[in-house]
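Descriptive structure summary
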Amino acid sequence: MKIRFVPIAAALTAACALTACGASPPGSGQASGPDRLTVWIMKDSVSDAYLQRFEKDFERQHEDTVLDIQVQEWDGIGEKITAALASKDSPDVIEVGNTQVAQYAQSGGVLDLSDKVGELRGGDWLPGLAEPGKIDGRQYGVPWYAANRVVIYNKDLFAKAGITSPPRTRDEWLRITEQLNRGTAQGIYLPGRNWYTLAGFIWEEGGELAEKDGDRWRGSLDSPEALRGMDFYRRLQALGKGPRDADEAKPPQADVFAKGDVAQIIAVPGGARIVEQANPALAGKLGFFPIPGTTAGRPGTTFTGGSDLIIPTASAHPDAAYQVVKSLTGEKWQRDLARTMSYVPNRTSLAGALEDDEGTAAMAAAAARGRATPNSPQWAAVEATNPIKEYMTAVLTGSDPRKAAKDASGAISRTLNS
């Protein structure tokens, strides 16, 4: 078993700590033998058991290849990957966040895999994973797995309010949520700064967070469509007691939901396990449904998080690296990943792999209409200051929505064009 945890070692020199330090470059004079491929996987993305199964199966089918799977910490990974892509001794395959591909591809150190999209069945990829991996019409990131938000609800509170089925549209969702406000119960706990949820509402209305015009970006929270998305958020948020100046982490919304007097929260399905751990009395009493859209029978648009796989141009064994990517993103290991980790597979046609799990099935249904943040290398800088959060609080506390949206859009534009 060769999977090993590799922390970031600040005391080491950049030449070793910031590169794979494991692959043998061509012409190094070492004895010939199996190709040794270094694969970087992020900590807690997948289980050790999954990686062990994959490694054993891949090496059995590719006798000329030995995998060196190295588990990386998220903290500081951006700098480490950037340095590795600029080195001559990079890893061969790297897992990256789906919204990070543009940042790394900008360096020129990521292999263009556009000619492999057909073979990888790219026409079936989830858009929230595929679109961020495609820069200027070229595919650099290959979708690996996805996760997105759904509505987690308290079945007992729904029953007490006489609600027998989840809402199918946004308007119905508002009516049901208002109906759930009974006695001490609140219909929904929605913090004022849950901006990923707002993004989905904006996209559902046909709006954007930012749009590219030629070589320039423009924040577009002030468009009529985006303003409608914010107005829906305002109306829904008002049906609960969530703070207007905080996100879902302050306080942790799972802890609030675990008290038993909240009917709904918006979270990834795994949040239900945290709720049940905090209050075991809720075990078996939590249900799930996709965030409703404007049309019955079609889930609303949601933000899709997850990971893509990239191959550095400096890989000593790009053909073998591609075979690793092809295997990890192929049907066999996608189905295994869905069963093992309750992630959404990278293809819409594989959603059936999650049918036996109510939460992940709801997540998969919504993932088919998932989106990702604007595909700019500077988007991480937008999130660092996050004028969207300030905008949301301003609107929820009574500021003029158009003026607040225009101010936030200007801040987004300046950052993306810096």
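For clarity, every value in this text was computed on a predicted model and none was experimentally measured.

Cut-offs used in this document
Residues numbered from 1 in each chain as written. Predicted model: local features only at pLDDT ≥ 70, side-chain atom pairs only at ≥ 80, totals over all residues. Heavy atoms only, no water. Pairing = 2+ DSSP bridges. Helix = DSSP H or I, 4+ residues; strand = E, 2+ residues; numbered from the N terminus. Axes fitted to C-alpha atoms, helices over the stretch in contact; angles between N-to-C directions. Contact = heavy atoms within 4.5 Å. Domains from an automatic or database assignment. Buried area = accessible area lost by both parts, 1.4 Å probe. Polar contact = N/O pair within 3.5 Å; in protein donor to acceptor, adjacent residues only side chain to side chain. Nonpolar A, V, L, I, M, F, W, Y, C, P; charged D, E, K, R; others polar. Buried < 20%, exposed > 50% of the residue type's maximum accessible area, 1.4 Å probe, protein only. Salt bridge = Lys/Arg side-chain N within 4 Å of Asp/Glu carboxyl O.

So, about the sheet that holds strand E12 (residues 286–289). The 3 strands are arranged E11-E8-E12 in an open sheet whose pairing can be described as antiparallel. Looking at which strands have only one partner, the edges of the open sheet turn out to be strand E11 (264–267) and E12. Averaged over all neighbouring strand pairs, the angle between strand axes comes to 30°, with direction disregarded. Pairing of strand E8 (residues 150–154) with E11 involves 4 bridges; the strand directions are antiparallel. Each bridged residue has a counterpart across the sheet, and for Ile-152 the counterpart in E11 is Ile-265. Along the sheet, helix H11 (residues 271–278) makes contact with E8 and E12, crossing E12 at roughly 165°.

On domain assignment, one finds that the chain holds domain 1 (35–146 + 305–371) and domain 2 (150–303 + 384–417). Summarising the inter-unit geometry, the C-alpha centres of domain 1 and domain 2 are found 29 Å apart. On the side of domain 2, 19 residues touch domain 1, which itself brings 13 residues to the contact. Summed over both partners, the interface of domain 1 with domain 2 comes to about 1,300 Å²; 57% of that surface belongs to carbon and sulfur atoms. On the domain 1 side of the contact with domain 2, Glu-358, Arg-369 and Arg-371 bury the most area, a combined 51% of that side's loss. Our count for the domain 1 to domain 2 interface comes out at 6 residue pairs in polar contact (both at pLDDT 80 or more). Put simply, the parts of the chain that give the side of domain 1 that touches domain 2 at least two residues each are helix H14 (358–367) and strand E15 (370–371). Tallied by class, the residues present in the side of domain 1 that touches domain 2 amount to 4 nonpolar, 5 polar and 4 charged.

Glancing now at the side chain of Thr-65. Tracing the backbone shows Thr-65 in strand E3 (residues 65–72). Residue Thr-65 is classed as buried on the basis of its relative accessible area, which comes to 4%. A distance of 3.4 Å separates the side chain of Thr-65 from the side chain of Asp-64, its partner in a polar contact.

A full pass over the atoms with the stated rule returns 23 salt bridges. Among the salt bridges present, the one from Arg-168 reaches Glu-172, with a minimum N-O distance of 3.9 Å. The class for Arg-168 is exposed, based on a relative accessible area of 55%. Ionic pairing is found between Glu-205 and Arg-228, a salt bridge with its closest N-O pair at 3.1 Å. Taken together, the positions of Glu-205 in the loop between helix H8 (195–204) and strand E9 (210–213) and Arg-228 in helix H9 (residues 224–237) put the pair 23 residues apart, joining distant regions of the chain.

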